[in-house]
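# Coordinates in review
In case you want the letters, here they are:
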Amino acid sequence: MNFINKLEAAWAANDSLLCVGLDPDLERLPAQFRNGPDGITRFCTEIIDATADLACAFKPQIAYFAALGAERQLEDICAYVRSNYPQIPLILDSKRGDIGATAKQYAREAYDRYGADAVTVSPYMGSDSVEPYMEWKDRGVIVLCRTSNAGGSDLQFLQVDGKPLYQHVAKLVAEKWNANGQCALVVGATYPEELAQVRAIVGDMPLLVPGIGAQGGDIAATVKSGRTAAGAGMMINSSRAILYAAPAAGEDFAMAARRVAEETRNAINAYR
């Protein structure tokens with residue numbers, strides 16, 4: 001299946017719009033995973049096992065691995081998802097943005113090396129920075145549009161021909177860049193009004209929505225603003241709130257992650 005087909009199937013099979021982010025911070029991992037090269041792998045695979053039936057996607061953030069020289073562990077984690085949960089889309093969150101031959105190498109990194117179903121990219125350098133990803137016609141290209149961080153307004157809210165720049169990005173992706181039908185957009189939960197405006201521009205195009213959980217985005221407002229008429233259309237990401245749900249002592253980390261993931265999935269579903 002292509003990325004969109006797999007995502008639609010996961011929405012239905014797991015009755016979920018929850019994307020589980022994999023951002024392993026060595027200082028926050030349980031003590032048993034801090035020593036030895038495979039601790040990150042074991043931690044992430046246990047999180048995956050605990051939440052796979054509750055998620056519509058898994059999203060490893062490449063910086064958390066690269067900063068530790070843990071690219072091999074990321075390869076192992078991606079292979080684990082593909083082997084054990086092939087029905088769950090795997091999104092590599094790398095936010096790459098370059099042109100020509102360099103962009104093609106970044107695409108190879110995401111799709112060939114890590115076997116991702118989709119990758120996040122920056123649109124700042126224009127169409128020729130995105131086109132190399134389109135050569136993999138079955139893979140997803142998730143374009144930054146209206147991000148969840150406060151500083152995103154520095155550029156994304158600049159007025160161009162009477163409309164903020166992020167709306168031009170949304171329209172450009174929906175009408176020109178989505179030739180393969182595998183594009184999606186990143187739109188933060190911290191801006192529900194802008195989320196609703198993007199939904200109006202792009203129709204049923206999927207949206208990757210960070211910003212709930214640790215970043216404080218409101219689930220009810222997010223779902224009401226971003227859902228499609230069918231009650232789907234979103235991958236609502238939560239990372240730290242799930243990964244580090246266990247208190248310092250007591251509850252098992254994987255059980256705690258499952259508990260918070262289930263609570264989050266159910267809270268999202270309450271507003272679909």
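Now for a quick tour of the structure. (Residues numbered from 1 in each chain as written. Predicted model: local features only at pLDDT ≥ 70, side-chain atom pairs only at ≥ 80, totals over all residues. Heavy atoms only, no water.)

Our next topic: the environment of tyrosine 85. Secondary-structure assignment places tyrosine 85 in the loop between helix 4 (71–84) and strand 3 (91–96). Take tyrosine 85: its relative accessible area is 18%, and that puts it in the buried class. Measuring from C-alpha to C-alpha, the distance between tyrosine 85 and aspartate 49 comes to 9.0 Å, with 36 residues separating the pair along the chain. The contact partners of tyrosine 85, leaving out residues within four places of it in the chain, are Ile48, Asp49, Ala52 and Tyr80. (Helix = DSSP H or I, 4+ residues; strand = E, 2+ residues; numbered from the N terminus. Buried < 20%, exposed > 50% of the residue type's maximum accessible area, 1.4 Å probe, protein only. Contact = heavy atoms within 4.5 Å.)

Taking 1.5 Å of rise per residue, the 14 residues of helix 4 would be expected to cover 20 Å, and the 20 Å separating its terminal C-alpha atoms lies within 8% of that figure. Residues of helix 4 that are buried include every one of Gln73, Leu74, Ile77, Cys78 and Val81, and no others. Here the buried residues of helix 4 occupy an arc of 140° about the axis, which is enough to place them on one side. (Expected span 1.5 Å × (residues − 1). Arc of directions from axis to C-beta.)

The backbone of lysine 95 sits at a positive phi, close to 50°, despite the residue not being glycine. Positionally, lysine 95 belongs in strand 3. For lysine 95, a relative accessible area of 40% corresponds to the partly exposed category. Its identity is not glycine, yet aspartate 161 carries a phi of approximately 55°, on the positive side. For aspartate 161, the location among the structural elements is in the loop between strand 6 (159–160) and strand 7 (163–164). The exposure class assigned to aspartate 161 is exposed, which follows from its relative accessible area of 73%.

A few words now on helix 7 (residues 165–177). The periodicity of an α-helix, 3.6 residues per turn, causes residues three or four places apart in sequence to face the same way. For helix 7, every residue scored as buried is listed here: Tyr166, Gln167, Val169, Ala170, Val173 and Trp177. Lining the buried residues of helix 7 we find strand 5 (140–146), helix 6 (153–156), strand 7, strand 8 (183–187) and helix 8 (192–202).

Through backbone hydrogen bonds, the strands of a sheet pair up, either in parallel or in antiparallel fashion. Taking strand neighbours across the sheet as the criterion, the eight strands line up as 2-1-10-9-8-5-4-3 in an open arrangement whose pairing is parallel. Of all strands in the sheet, those with a lone pairing partner are strand 2 (57–60) and strand 3, marking the two edges. Mean inter-strand twist for the sheet, computed between neighbouring axes without regard to direction, equals 30°. With three bridges joining them, strand 1 (residues 18–22) and strand 10 (residues 234–238) adopt parallel strand pairing. Bridged to leucine 18 within strand 10 is isoleucine 236. (Pairing = 2+ DSSP bridges. Axes fitted to C-alpha atoms, helices over the stretch in contact; angles between N-to-C directions.)

With that settled, consider a nonpolar patch on the surface. A grouping of Ile99, Tyr124, Met125, Leu155, Leu158, Val160 and Leu165 is seen on the molecular surface, where their side chains present a nonpolar patch of about 630 Å² in accessible area. Within the secondary structure, valine 160 sits in strand 6. (Patch = residues over 30% accessible without salt bridge, like charges linked within 9 Å, V, L, I, M, F, W, Y side chains within 5 Å. Areas by Shrake-Rupley, 256 points an atom, 1.4 Å probe, with all protein chains shown as cover. Salt bridge = Lys/Arg side-chain N within 4 Å of Asp/Glu carboxyl O.)

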